[in-house]
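Fold and contact review
Below are the chains, spelled out letter by letter.
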Amino acid sequence: MSDVFMRPKIKKDTMTPLKILIDSPLNFRQLRAQDNLQISQWHKLLQSELGYAHPASELKKKHFGSPLGESVVFAALNESGDLMAVSSFFRMPGNLRTKQAVWQPGDIVTSPAARGKGLFAEVNQRILNELSREDLVIGFPNSAALNPWKKLGWPVLMETMTVRGFGWRPSRRLKLEALSSLYGASDSGLIAYIQHRFNQPDYRFSVHPEYFFVHRGQLCGVFSRHGAATSRAPMPLGYRIVLAPAQDRPMLPRYSRPSGHVIGRPGQTYEQTLVVLNQISPLAFLDTL
């Protein structure tokens, strides 16, 4: 596939400067850590379109400084080098038993002026072309973001839930290091990844005998220590919870409703995904927040 995506030419007297910017040939290429200008443009788009709150240095660290390895990032650039769209798949901790590679899509954004031109599909396909066929991809889109993935043939494998609680259970606060030890993060690479991604002031952690809780703003992630599917715990890995006003105490749910989905790359099955979810430490899934 050519790295230049040609668009039909339009007569100059019918084009505004904006249309010249968007309708010119686009160059699709993989971004690297040294592409500081494009990473800065990516960061600005995430800020303006998705409310990204972290500095550009944190975005670069996330994708090009992970102890698990660099993300695969593809961008669409116009002739002037302006970023029109970008997608990334970042590495998740691999299956601790088989070492199977697992990726998660994230920080995907398109310039408002370039929407509706198929760039979302194009940049994501470029990334898939770089991955091994055996690699698994697990995404967590909310309901509003699901349709573009479904149009690309990505199967919906599970649901995530938002829950509201009306009762409290005893719990105790933990530092991230203690949480890693308590919940089976014995793999040194996994521990390094957790420290890299989540040892930040906006995350707080607390535990209950059956669950651990990850607080971030108005959301609290609730993770079963028994994995994604178990008869021992009523709440599977990866549920999200909406905090009541007393945000300093975790809760268990009294009712819940679907809030998002677990998707996989085309051809990936529920069974494959469930095996990975059950064998990766649940600490790896803090990104669902």
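Residues numbered from 1 in each chain as written. Predicted model: local features only at pLDDT ≥ 70, side-chain atom pairs only at ≥ 80, totals over all residues. Heavy atoms only, no water.

1. Side note on the overall build of the protein chain
- Counting secondary structure elements, the protein chain contains eight helices and 15 strands.
- By the burial criterion, 50% of the 289 residues in the protein chain qualify as buried.
- Within the protein chain, contacts between residues at least 6 apart in sequence are counted, and of these 68% link residues at least 24 apart.
- Carbon together with sulfur atoms contributes 52% to the accessible area of the protein chain, which is approximately 13900 Å² in total. (Helix = DSSP H or I, 4+ residues; strand = E, 2+ residues; numbered from the N terminus. Buried < 20%, exposed > 50% of the residue type's maximum accessible area, 1.4 Å probe, protein only. Contact = heavy atoms within 4.5 Å. Areas by Shrake-Rupley, 256 points an atom, 1.4 Å probe, with all protein chains shown as cover.)

2. Digging into the packing of helix 2 (residues 36-50) against helix 3 (residues 56-64)
- For the pair helix 2 and helix 3, interaxial distance at closest approach is 9 Å and the crossing angle is 110 degrees. Here helix 2 is positioned roughly perpendicular relative to helix 3, judged by the angle of their axes. In this structure, helix 2 crosses over helix 3, and the sense of that crossing is right-handed. Residues Asn36, Ile39, Trp42, His43 and Leu46 of helix 2 lie in contact with helix 3, whose contacting residues are Ala56, Leu59, Lys60, His63 and Phe64.
- Looking at the contact of helix 2 with helix 3, its residues break down into six nonpolar, three polar and one charged. (Axes fitted to C-alpha atoms, helices over the stretch in contact; angles between N-to-C directions. Parallel < 35°, antiparallel > 145°, perpendicular 65-115°, else oblique. Left-handed = near helix turned anticlockwise from the far one by under 90°. Nonpolar A, V, L, I, M, F, W, Y, C, P; charged D, E, K, R; others polar.)

3. Thoughts on unusual backbone geometry
- Phi angles above zero are rare outside glycine, and aspartate 107 is one such case at about 55 degrees.
- Along the chain, aspartate 107 turns up in strand 5 (residues 102-110).
- By relative accessible area, which is 14% here, aspartate 107 ends up buried.

4. Some thoughts on the pairing of strand 2 (residues 26-30)
- Side chains of strand 2 alternate between two faces, with Leu26, Phe28 and Gln30 buried and Asn27 and Arg29 left unburied.
- The sheet contact formed by strand 2 and strand 3 (residues 72-77) spans four bridges and is antiparallel. Along strand 3, the bridge assignment pairs phenylalanine 28 with alanine 76. (Pairing = 2+ DSSP bridges.)

5. Digging into the side chain of histidine 63
- If you trace the backbone, histidine 63 turns up in helix 3.
- By relative accessible area, histidine 63 is classed as buried at 0%.
- Sequence-distant contacts of histidine 63, defined by excluding residues within four places in its chain, comprise Trp42, Glu70, Ser71, Ser88, Phe90 and Asp107.

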